[in-house]
Amino acid sequence: MRAISILLGLGSLAFAAEPIRVQLTTGGHAHDISFYGVLEGQRDFRINVNPHPSAFRRDLRKDVDVLVVYDMVDVNDEAQRTRLRDFLESGKGLVVLHHALCGNWQWKWWYEEVVGGRYLMKDEGALPKSKFKHDEDMNVTPAAKHPVLAGIGPFRVHDETYKDMWISPKSTVLLKSDNPTGDPQVAWIGPYRASRVVAIQLGHGPEAHRLPEYRALVANAIRWAAGRGSD
Ligand SMILES: [Zn+2]
């Protein structure tokens, strides 16, 4: 009923197309309640928060256009992995936020072909374990021209940094940070081609969650992942 009333409320406005149906998945990592303010006020989104363990228990293709993950869980269940594969192979979008980069770090298909980056939870051969550092200030600058960066210029943010992540050379870097405690790449387009995938390392706490640029970045990422707007 809520969806119907929203559509009626928008009445004859031309953009009142079908809302973008978002599944927001959390779980496995505590986070500040300010996170839920990031997507407030986006009238073209219909957001359903579906955390673990129920997140991937059903076929997501039926009622989800974009999956937004802000979880930190290794999906090891084969049926759940198949549902994620089916969802992405069907062309549906994915937005990976902050500590979600630390999940599935041993699921090669996920980090190598889809997300194009991973946070290593321990040393792996020549690759050292990744590190995090809280409460860092950084200057963030666009590194590409892309719809996900629409309206976003250089900005300053107080956030957590990640260092020594593996980032695929096939990822397209969108934003770079100047803080040496972290990797320069703080947002990118994943290498996956069957659907649109955006990864955003930023977003630990209220300082990022309340920043207009961060909110615009996440909203743009969802719209682009849904295939809305221009290429
Ligand atoms: Zn964090």
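Higher on the page you've got the structure.
Reference entry: report on the structure contained in this document. A quick note: this is a predicted structure, and the numbers were derived from the prediction, not measured.

## Side note on helix α2 (residues 78-89)
An ideal rise of 1.5 Å per residue puts 16 Å on 12 residues; α2 measures up with 16 Å between its terminal C-alpha atoms. Of all the positions in α2, only Gln80, Arg81, Leu84, Phe87 and Leu88 are classed as buried. For α2, the angular spread of buried residues about the axis comes to 125 degrees, placing them on one side. Between the side-chain oxygen of the N-cap and the backbone nitrogen of Ala79 there are 3.2 Å, and the N-cap of α2 in question is Asp77. Once α2 finishes, Gly91 follows within two positions and takes phi at roughly 95 degrees, a positive value.

## A closer look at the environment of Ala194
Checked against the element boundaries, Ala194 lands in the loop between β10 (185-189) and β11 (197-200). The exposure class of Ala194 is partly exposed, given its relative accessible area of 41%. Sequence separation between Ala194 and Ile33 is 161 residues, and the spatial gap between their C-alpha atoms is 33 Å. Residues in contact with Ala194, not counting those within four places in the same chain, are Leu88, Glu89 and Gly91.

## Focus: a negative patch on the surface
Side chains of Asp32, Asp135, Asp137 and Glu207 sit close together on the surface and give a patch of like negative charge. Among the secondary structure elements, Asp135 is positioned in strand β6 (residues 131-142). On the basis of relative accessibility, which here comes to 54%, the residue Asp135 falls in the exposed class.

## Details of empty space enclosed by the protein
Applying the stated criterion to the full structure yields three cavities of 30 Å³ or more. Looking at the largest cavity, its volume works out to about 70 Å³. Along the walls of the largest cavity sit His52, Phe56, Val69, Asp71, Val73, Val75, Leu84, Val96, Ala100, Gly103, Asn104 and Trp110, which together make up its complete lining. Along the lines of polarity and charge, the residues of the lining of the largest cavity split into eight nonpolar, three polar and one charged.

## Quick look at the coordination of the zinc ion
On the protein side, the zinc ion has His98 (NE2), Glu160 (OE) and His204 (ND1) as donor atoms, found 1.9 to 2.1 Å from it. Donor residues binding the zinc ion come from one chain and are separated in sequence as H-x61-E-x43-H. Pair noted here: His98 is in the loop between β4 (93-97) and α3 (108-115) and Glu160 is in strand β7 (residues 155-163), with a separation of 62 residues, a long-range link. Note on His98: relative accessible area 0%, which makes it buried.

## A short note on the nonpolar core
Counting 37 residues, the largest nonpolar core has Leu97, Ile200, Leu202 and Ile222 as its most contacted members. Looking at this core element by element, the count peaks at eight residues for helix α5 (residues 212-225). In contact with Leu97, not counting residues within four places along its chain, are Phe35, Val68, Val69, Tyr70, Ile200, Tyr214 and Val218. Grouped together as the second largest cluster of nonpolar side chains are 28 residues, Leu84, Ala100, Cys102 and Met165 included.

What counts, and at which threshold
- Per-chain numbering applies: the sequence of each chain, read as written, is numbered from 1 onward.
- Only residues with pLDDT of at least 70 are given local features in this predicted model, and only at 80 or more are side-chain atom pairs given and counted; all residues enter the totals for whole chains, interfaces and linings.
- By convention in this description, side-chain values take in all heavy atoms of the structure and omit both hydrogens and water.
- Strands are runs of DSSP state E lasting at least two residues, helices are runs of H or I lasting at least four, and both sets are numbered from the N terminus onward.
- A helix is expected to reach a length of 1.5 Å times the quantity of its residues less one.
- When a residue's accessible area, from a 1.4 Å probe over protein chains only, is under 20% of the maximum for its type it is buried; when over 50% it is exposed; and in between it is partly exposed.
- This arc describes the spread of directions from the helix axis toward the C-beta atoms.
- In the analysis that follows, any N or O atom pair within 3.5 Å is treated as a polar contact, provided that within protein one partner can donate a hydrogen and the other can accept it, and provided that, for residues neighboring in sequence, both atoms belong to side chains.
- In this analysis, two residues are considered to be in contact whenever any of their non-hydrogen atoms come within 4.5 Å of each other.
- Patch membership requires more than 30% relative accessible area and the absence of a salt bridge. Residues of like charge join within 9 Å; the nonpolar side chains Val, Leu, Ile, Met, Phe, Trp and Tyr join within 5 Å.
- Methods summary: accessible areas were calculated by the Shrake-Rupley approach with a probe of 1.4 Å, and residue burial reflects only the protein chains presented.
- The term salt bridge refers to a pairing of a side-chain nitrogen on Lys or Arg with a carboxyl oxygen on Asp or Glu at a separation within 4 Å.
- Charge counting treats Lys and Arg as positive and Asp and Glu as negative, with His and both chain ends excluded.
- Charged groups are reduced to one reference atom each: NZ for lysine, CZ for arginine, CG for aspartic acid, CD for glutamic acid.
- Buried and open spaces are told apart on a 1 Å grid over the protein atoms alone, a cavity being a set of points where a 1.4 Å probe fits but cannot get out and a pocket being an open set with protein on both sides within 12 Å along at least five of seven lines. Residues with an atom within 4 Å of a point are the lining residues.
- Grid points are joined across faces, edges and corners, and a volume is the space filled by probe spheres set on the points.
- Note that Gly is not counted as nonpolar here; it falls among the polar residues with everything else outside the nonpolar set of Ala, Val, Leu, Ile, Met, Phe, Trp, Tyr, Cys and Pro and the charged set of Asp, Glu, Lys and Arg.
- Listed donors are limited to N, O and S atoms within 2.8 Å of the metal, widened to 3.2 Å for Na, K and Ca; water is not among them, so incomplete-looking sites are possible.
- Only buried residues count toward a nonpolar core. Its members are Ala, Val, Leu, Ile, Met, Phe, Trp, Tyr and Cys residues joined through side-chain atoms within 4.5 Å.

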